[in-house]
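# Results of the structural survey
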Amino acid sequence: KAGVTQTPRYLIKTRGQQVTLSCSPISGHRSVSWYQQTPGQGLQFLFEYFSETQRNKGNFPGRFSGRQFSNSRSEMNVSTLELGDSALYLCASSLLTGTGGEQYFGPGTRLTVT
Amino acid sequence: AQSVSQHNHHVILSEAASLELGCNYSYGGTVNLFWYVQYPGQHLQLLLKYFSGDPLVKGIKGFEAEFIKSKFSFNLRKPSVQWSDTAEYFCAVTTPGGTSYGKLTFGQGTILTVHP
């Protein structure tokens, strides 16, 4: 079974621009979570989607948004990029929803904001 | 709010040494606990998990962890490390049910370096 895939793997953007990252979960998984990983803050939860609905959101500004499609693929968008948004963005999918099941992570998208 | 604390930022060992990485969490209710590993250049992989039952859980690659509820701890152990265990290790917690949908709370991570 194919794992979680994320595209693109690397991205360089300029401050003020916006960016869209894509995630395809493991087949059959309907829950997709997004995380930001930085050396200073570690792994921080952004949001979770299930059946096209955002069910949970972390402490990030409204510039960070996401959505999920009917095939469970998910995108996250960051508008008005800031230098501090440079990070590895990880997507994870899960089979068990609402029960605290394990999550399977993709390779991430490395975003650099200049 | 949940939080997870990993005691060591960087651990350096020689091959065949025993390993114990500490993890403590703060949450008074029922939790599910995980250890993930991130090898250099690779994505996060699940090492082991605890949901309920036997507090001693075994994972892949010879790793095990013990859940001690009274100490809010979930320490990772391996009797004999190998050079290939060099990686960053993350402890994570989530709460089943409730409103913590899809949210894992991670510790800061522990970098393990194993010298041949």
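Being a predicted model, the structure only gives us computed values, none of them experimental.

Contact with chain A, which involves 19 residues of that partner, is made by 20 residues of chain B. Summing both sides of the interface, chain A and chain B together bury roughly 1,700 Å²; the carbon and sulfur share of this comes to 58%. At the boundary of chain A with chain B, the tally comes to one salt bridge. Of the charged contacts, one joins A:E102 and B:K49 as a salt bridge, the two residues approaching to 2.6 Å between their closest N and O atoms. Linking chain A to chain B there are seven residue pairs in polar contact (both at pLDDT 80 or more). Mapped onto the side of chain A that touches chain B, the elements with two or more residues apiece are β4 (31-38), β5 (42-50), β6 (53-57) and β9 (87-94) of chain A.

The final tally for this structure, using the stated rule, is 16 aromatic pairs over all chains. Their ring planes at 45° and their centres at 5.6 Å tell us that B:F63 and B:Y89 sit as a pair that is tilted. Here the residue B:F63 occupies a position in the loop between β7 (56-58) and β8 (64-68), and B:Y89 occupies one in strand β10 (residues 87-94), the gap between them amounting to 26 residues. Each member of the pair, B:F63 together with B:Y89, is buried. An aromatic cluster is built from A:Y35, A:F45, A:F105, B:F34, B:Y36, B:F51, B:F90 and B:F106, whose rings are joined through pairwise contacts.

It is worth spelling out the pattern of salt bridges at this point. In this structure the tally under the stated criterion is 10 salt bridges over all chains. Salt-bridge contacts for A:E75 lead to A:R67; the nearest nitrogen and oxygen are separated by 3.2 Å. Take A:R67: its relative accessible area is 47%, and that puts it in the partly exposed class. Each of B:K58, B:E64, B:E66 and B:R77 takes part in salt bridges that share partners, so that together they form one network.

Conventions used here
- Once a new chain begins, its residue numbering starts again from 1 and follows that chain's sequence as written.
- Each chain takes a letter, starting from A, and each ligand takes a number, starting from 1, following the order in which they are written.
- It should be noted that, the model being predicted, local features are given only for residues of pLDDT at least 70 and side-chain atom pairs only at 80 or more, the latter also being counted only at that level, while totals for whole chains, interfaces and linings use all residues.
- Calculation of side-chain values draws on the structure's entire complement of heavy atoms; hydrogens and water are dropped beforehand.
- Here, residues are in contact when the closest pair of their heavy atoms is within 4.5 Å.
- Buried area adds together the accessible area that both of two parts lose upon being put together, with accessible area traced by a 1.4 Å probe.
- Put simply, a salt bridge is a Lys or Arg side-chain nitrogen that is within 4 Å of an Asp or Glu carboxyl oxygen.
- Throughout this description, a polar contact denotes any pair of N or O atoms lying within 3.5 Å of each other; where both atoms belong to protein, one of them has to be capable of donating a hydrogen while the other can accept it, and for residues adjacent in sequence the pair is counted only when both atoms sit in side chains.
- Helical segments are the DSSP runs of H or I of at least four residues, strand segments are the runs of E of at least two, and each set is numbered from the N terminus.
- Between 30 and 60 degrees the pair is tilted, below 30 it is stacked and above 60 it is edge-to-face, where a pair is any two Phe, Tyr or Trp rings, Trp via its six-membered ring, whose centres lie within 6.5 Å.
- Summary of the burial criterion: residues with accessible area below 20% of their type's maximum are buried, those above 50% are exposed, and those between are partly exposed, where the area comes from a 1.4 Å probe applied to protein chains only.

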